[in-house]
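# Geometric and topological summary
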Amino acid sequence: MHRHTSKNGKFGWDIDNTIGATLQPNGWKESWVDFWDERRLGHMLRLCRREGCDFGGVEGELRTKVRAILTEGGYAPQPSLLHGDLWTGNTGVTDEGSMCIFDPATYYGDRETDLAMTTLFGSLAPDFYKAYVEEWPLEEGHEKRKTVYNLYHILNHIVLFGGGYRSQAQRMIDQIMKM
């Protein structure tokens, strides 16, 4: 799936969709960092603010820091086809024994976003990660980017389920700000 890249070379999707019940704006962007900042992180921070979570007014600084992390060392991912909501709860096995994934929030983006989310609420089998990096190694800095990408999903959980995820989001923000 990740080896399938957008024909137009851009990041996004033709239509908006949802991640859980939350609107996920898409549209096309030339730059991955612009897409992530505007359509993912910025959007989710606005929704959290609407829910009463402003994280001490560091949103502007956070977004600047995230942009720096996502471009550090010249990192420039290709726009890969993403599941968009890939966690263990959206994986399964068919009656015939084949692995399957379902309930996508599809768009073209950095493949690391899918891999990051697979570690957020449990993780896939170690053999999955071993086989994945044998086929397509991850670039330096992927551990930092994993925290950035997973923050999006924790912010979405604040929007979906309330402030119970606020402290986890704050810890992630603090971690990102120290990177």
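In this report, we go over the structure that sits alongside the text. (Residues numbered from 1 in each chain as written. Predicted model: local features only at pLDDT ≥ 70, side-chain atom pairs only at ≥ 80, totals over all residues. Heavy atoms only, no water.)

Once that is clear, we can look at the overall build of the protein. Within the protein, the regular secondary structure consists of six helices and six strands. Mapped from its N terminus to its C terminus, the protein presents α and β elements in the order β-β-α-α-β-β-β-β-α-α-α-α. The C-alpha radius of gyration of the protein comes to 16 Å, within 12% of the 16 Å expected for a compact globule of 179 residues. With the principal axes as the frame, the protein shows a C-alpha extent of 50 × 35 × 30 Å. Scored against the burial criterion, the 179 residues of the protein give a buried share of 45%. Within the protein, counting contacts between residues at least 6 apart in sequence, those at least 24 apart form 65% of the total. When the accessible area of the protein is evaluated, it comes to approximately 8900 Å², of which 52% is carbon and sulfur surface. Across the protein, the centroid of the 20 positively charged side chains sits 5 Å from that of the 25 negatively charged ones. (Helix = DSSP H or I, 4+ residues; strand = E, 2+ residues; numbered from the N terminus. Rg over C-alpha atoms; globule rule 2.2 N^0.38 Å. Buried < 20%, exposed > 50% of the residue type's maximum accessible area, 1.4 Å probe, protein only. Contact = heavy atoms within 4.5 Å. Areas by Shrake-Rupley, 256 points an atom, 1.4 Å probe, with all protein chains shown as cover. Lys, Arg positive; Asp, Glu negative; His and termini not counted. Charge placed at Lys NZ, Arg CZ, Asp CG, Glu CD.)

Right, let's talk about the packing of helix H2 (residues 59-71) against helix H5 (residues 142-161) for a bit. As a packed pair, H2 and H5 sit with axes 10 Å apart at the nearest point and diverge in direction by 135°. Between H2 and H5, the crossing angle belongs to the class labelled oblique. Of the two elements, H2 crosses H5, and the hand of that crossing is left-handed. Contacts between H2 and H5 involve Leu-62, Val-66, Ile-69 and Leu-70 from the former and Lys-144, Arg-145, Val-148, Tyr-149 and Leu-151 from the latter. Its residues assigned to classes, the contact of H2 with H5 comprises seven nonpolar, no polar and two charged. (Axes fitted to C-alpha atoms, helices over the stretch in contact; angles between N-to-C directions. Parallel < 35°, antiparallel > 145°, perpendicular 65-115°, else oblique. Left-handed = near helix turned anticlockwise from the far one by under 90°. Nonpolar A, V, L, I, M, F, W, Y, C, P; charged D, E, K, R; others polar.)

Interhelical geometry of helix H1 (residues 32-50) versus H2 gives an angle of 150° and a closest axis separation of 10 Å. Between H1 and H2, the interaxial angle falls into the category roughly antiparallel. Judged by the sense of rotation from one axis to the other, the crossing of H1 with H2 is right-handed. Of the residues in H2, those in contact with Trp-32, Val-33, Asp-34, Trp-36, Asp-37, Glu-38, Leu-41, Gly-42, Leu-45, Arg-46 and Arg-49 of H1 are Glu-59, Leu-62, Arg-63, Val-66, Arg-67, Leu-70 and Thr-71.

Here we come to the pattern of salt bridges. The full count for this structure, using the stated rule, is eleven salt bridges. Notably, a salt bridge pairs Glu-51 with Arg-50, separated by 3.6 Å at the nearest N-O pair. According to the relative accessible area criterion, Arg-50 is exposed, its value standing at 59%. The residue Lys-144 makes a salt bridge to Glu-72 at a minimum N-O spacing of 3.1 Å. Of this pair, Lys-144 sits in helix H5 while Glu-72 sits in the loop between H2 and strand E3 (80-82); the two residues are 72 residues apart in sequence, bridging distant segments of the chain. Relative accessible area serves as the criterion here: at 29%, Lys-144 is assigned to the partly exposed category. (Salt bridge = Lys/Arg side-chain N within 4 Å of Asp/Glu carboxyl O.)

What follows deals with empty space enclosed by the protein. Following the criterion strictly, the structure yields one cavity of 30 Å³ or more and no others. Here the largest cavity is characterised by a volume of approximately 30 Å³. Looking at the largest cavity, the residues that line it are Gly-84, Asp-85, Leu-86, Tyr-107, Thr-113, Asp-114, Met-117 and His-153. The element that contributes the greatest number of residues to the lining of the largest cavity is helix H3 (residues 111-117), accounting for three residues. A breakdown of the residues in the lining of the largest cavity according to their chemical character gives three nonpolar, three polar and two charged. (1 Å grid on protein atoms, 1.4 Å probe; cavity = no way out; pocket = protein on both sides within 12 Å on 5 of 7 lines; lining within 4 Å. Points joined across faces, edges and corners; volume = space filled by probe spheres on them.)

By themselves these figures say nothing about function.
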